[in-house]
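# Overview (structure and organization)
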Amino acid sequence: MATETRTFDIIIIGAGPAGLAAGLYAGRNMENAVLVESKAPGGQLLNTELVEDYPGIKSILGGDLAAAMLDQALSFGAEIVPGEVTRIHVAKDGVKTVETTEGTLRAPAVIITAGGNPRKLGIPGEEEFAGRGVSYCAVCDGAFFRDVPLAVIGGGDAALEEGAFLTRYASRVSIIHRRDQFRAQGLLVDEARRNPKVDFIMDTVVDSIGGNDKVQSLALRNLSSGEQSTLDVGGAFIFVGFIPNTELVDMHIDHDKSGYYITDPFTMMTSVPGIFAAGDVRSQLTRQITTAVGDATTATIAASKWVEEWRRNRQDTAAMLADDMISGAV
Ligand code: NAP
C-alpha cells in the first residue's frame, strides 16, 4: 500500500455520472481536483443497458455514455486515482483528509458522489445462491439465463426496466412485488404490461430461495390471502432499492431516515462545511442520471467558491496574527 500524501483543492469521491460531471466542471474551473474510484469509472451506467432519458441523446448504451463522460472529464484535465476510500477526517482548520487504500489525499473541499450498493432482501438462500442464480445486475448476468424462467423482485424503476431487459434472454419474467401498486414510472409499467413475456405477481413476498447447485425455485407468500406457493425459476434478480455509501465520514453528517445525506438545495453542501454531496448519496425525490449530473454541477461550482473563501479567511487570519505579533498582542 502506498503511503503518499497529495494535496488538492477538491477531492471527488466516486466516478459515476455525478463524479465525472464534478470532474468536468472542476477541470473547466481550473481547480486542482482529483477523483477517487475503486472500480471502473461509470458507476451504475456500467450496469445499465440502454439510457433513453438523457436529454439530447435519444438512446445510448450505458457503457457508451459512461465512456463519453469519462473522455470529456479527462479532456478538461480531471485526474482519476484508483483506490477505495476508507475514512474521511476533518481537521479544526477545515482541511479534509481522505484516506484511501492507495494513499492519503488532503483538500479543503470534498464532494461525495459515492453512490450506493444494491439492497439485499435478507431472506434464506439469497446469500447462498449469490452468483449461482441470484443477481443484482441484469446487464451483467442476464445473458447467462437463456430460455429459462426468471423472477424479478421489486416494484421500482429498476425492477421494471431490468425485467423488460431480461425478456431478451429468459423464456418468461415474473415480476414479484409486495404491493398492488408499482412505485415505478407509469411508462415503464405500461411497457412491461405490453411485453408478452412479462407476468406480474402482486401483493407477494419471497420468503426463501431454494435449489441445489443453482436457484430452482422461490417460496412465495401472498400478503392479502396468506396463501403460500412455489415458483419454479432459473434465476432471481433482486431490485429492491439500494443503500447509499454514506458511512465514510468519521463525524456526524445530517442524513434522512434511509441514510441519504441532507444537503443545502442551493449549494449541495452537507451539514459539514466544505463537504458536498451529489447524486445517489443525496436525499431527494428521485435518482436519475440527469439529477446526478445536475447536483454535481451545483456542488462543484459551490465547492470552488467555498475553497476560495476558505483560502481568503486563512490569509486574513494569518495576516491578523502577523499584525498582532508586530503590535505585541500575541
Ligand atoms: P426504489 O425506487 O427504492 O424501489 C424499490 C422497490 O423495491 C420498491 O417497489 C419497494 O417496494 C421494493 N422493496 C423494497 N424493499 C423490499 C423488500 N424488503 N421486499 C420486497 N420489496 C421491497 O429503487 P430502484 O428501483 O432501485 O430505484 C432507485 C432510484 O433509481 C429511484 O429513484 C429510481 O427512480 C432511479 N432509477 C431510475 C431509472 C430510470 O429512470 N430509467 C432506472 C432505475 C432506477 P415498495 O414500493 O412497496 O416500497
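Residues numbered from 1 in each chain as written. Predicted model: local features only at pLDDT ≥ 70, side-chain atom pairs only at ≥ 80, totals over all residues. Heavy atoms only, no water.

## Considering the packing of helix α4 (residues 157-166) against helix α5 (residues 186-194)
Condition: Under this scheme, a helix contributes an axis fitted over its contacting stretch, all axes are lines through C-alpha atoms, and angles between N-to-C directions fall in the 0 to 180 degree range. Numbering of helices and strands runs from the N terminus, with a helix taken as a DSSP run of H or I at least four residues long and a strand as a DSSP run of E at least two residues long. Handedness of a crossing follows from how the near helix is turned relative to the far one, being left-handed for an anticlockwise turn of less than a right angle and right-handed for a clockwise one. Working rule for contacts: check all heavy atoms of both residues, and any pair within 4.5 Å makes them a contact. Polar here means any residue other than Ala, Val, Leu, Ile, Met, Phe, Trp, Tyr, Cys and Pro, which are nonpolar, and Asp, Glu, Lys and Arg, which are charged; Gly is therefore polar.
Between α4 and α5, the least distance of the axes is 9 Å, while the angle of their chain directions is 35 degrees. Note that α4 runs across α5; the crossing there is left-handed. Every residue of α5 that contacts α4 at Asp 157, Leu 160 and Glu 161 is listed here: Leu 188, Val 189 and Ala 192. Taken together, the residues of the contact of α4 with α5 break down into four nonpolar, no polar and two charged.

## As for the site of the ligand
Keep this limit in mind: Definition of nearness: a residue and a molecule or strand are near each other if at least one heavy atom of the residue lies within 4 Å of the molecule or strand. We call two N or O atoms a polar contact when they sit within 3.5 Å, provided that within protein one can donate a hydrogen and the other can accept it, with sequence-adjacent residues counted only if both atoms are side-chain atoms. An automatic or database domain assignment supplies the start and end points of every domain.
Lining the immediate surroundings of the ligand are 19 residues, of which Asp 157, Glu 161, Arg 179, Arg 183 and Gln 288 lie closest. Interatomic distance of 2.7 Å between a side-chain N/O atom of Glu 161 and a nitrogen atom of the ligand. Arg 287 has a polar backbone atom sitting 3.0 Å from an oxygen atom of the ligand. The residue inventory of the shell around the ligand, partitioned by class, reads four nonpolar, eight polar and seven charged. Taken domain by domain, the shell around the ligand gets at least three of its residues from each of domain 1 (5-118 + 242-323) and domain 2 (134-238).

## Some remarks on the side chain of Glu 162
Inclusion rule: Burial classes follow relative accessibility: with a 1.4 Å probe on protein chains only, a residue under 20% of its type's maximum area counts as buried, one over 50% as exposed, and anything between as partly exposed. Neither His nor the chain ends is counted toward charge; the positive residues are Lys and Arg and the negative residues Asp and Glu. A carboxyl oxygen of Asp or Glu within 4 Å of a side-chain nitrogen of Lys or Arg is what we treat as a salt bridge.
Mapped onto the secondary structure, Glu 162 falls in helix α4. The side chain of Glu 162 sits in the buried core without any salt bridge; Arg 168 is the nearest counter-charge, 9.6 Å away. Apart from the residues lying within four places of it in its own chain, the contact partners of Glu 162 are Asn 47, Ala 138, Val 139 and Phe 239.

## Structural notes on α5
Short version of the rule: The directions from the helix axis to the C-beta atoms form the arc being described.
Of the positions making up α5, those classed as buried are Leu 188, Val 189 and Ala 192. Each buried residue of α5 lies within a common arc of 100 degrees when the element is viewed along its axis, so the set occupies one face. Projecting away from the buried face of α5 at angles above 90 degrees are the exposed residues Leu 187, Arg 193 and Arg 194. If you follow the buried residues of α5, they end up packed against α4 and β15 (198-201).

## Let's talk about helix α1 (residues 17-28)
Put simply, the rule is: Expected span of a helix, by definition, is 1.5 Å for each gap between consecutive residues, and there is one gap fewer than residues.
Along its twelve residues, α1 runs 16 Å from first to last C-alpha, staying within 8% of the 16 Å computed at 1.5 Å per residue. Most of α1 sits out of view: ten of its twelve residues are buried. Every buried residue belonging to α1 is among Pro 17, Ala 18, Gly 19, Leu 20, Ala 21, Ala 22, Gly 23, Leu 24, Ala 26 and Gly 27, and all of these are buried.

## Quick notes on the sheet that holds strand β10 (residues 109-112)
Selection rule: For two strands to be treated as a pair, DSSP must find at least two bridges joining them.
Pairing is parallel in the open sheet, where five strands are placed in the order β6-β3-β2-β10-β21. The open sheet has two edge strands with one neighbour each: β6 (79-82) and β21 (275-277). Strand-to-strand, the axes of this sheet are offset by a mean angle of 25 degrees, without reference to chain direction. Alignment of β10 against β21, held across three bridges, turns out to be parallel. Each residue of the ladder has a partner; that of Ile 112, found in β21, is Ala 277.

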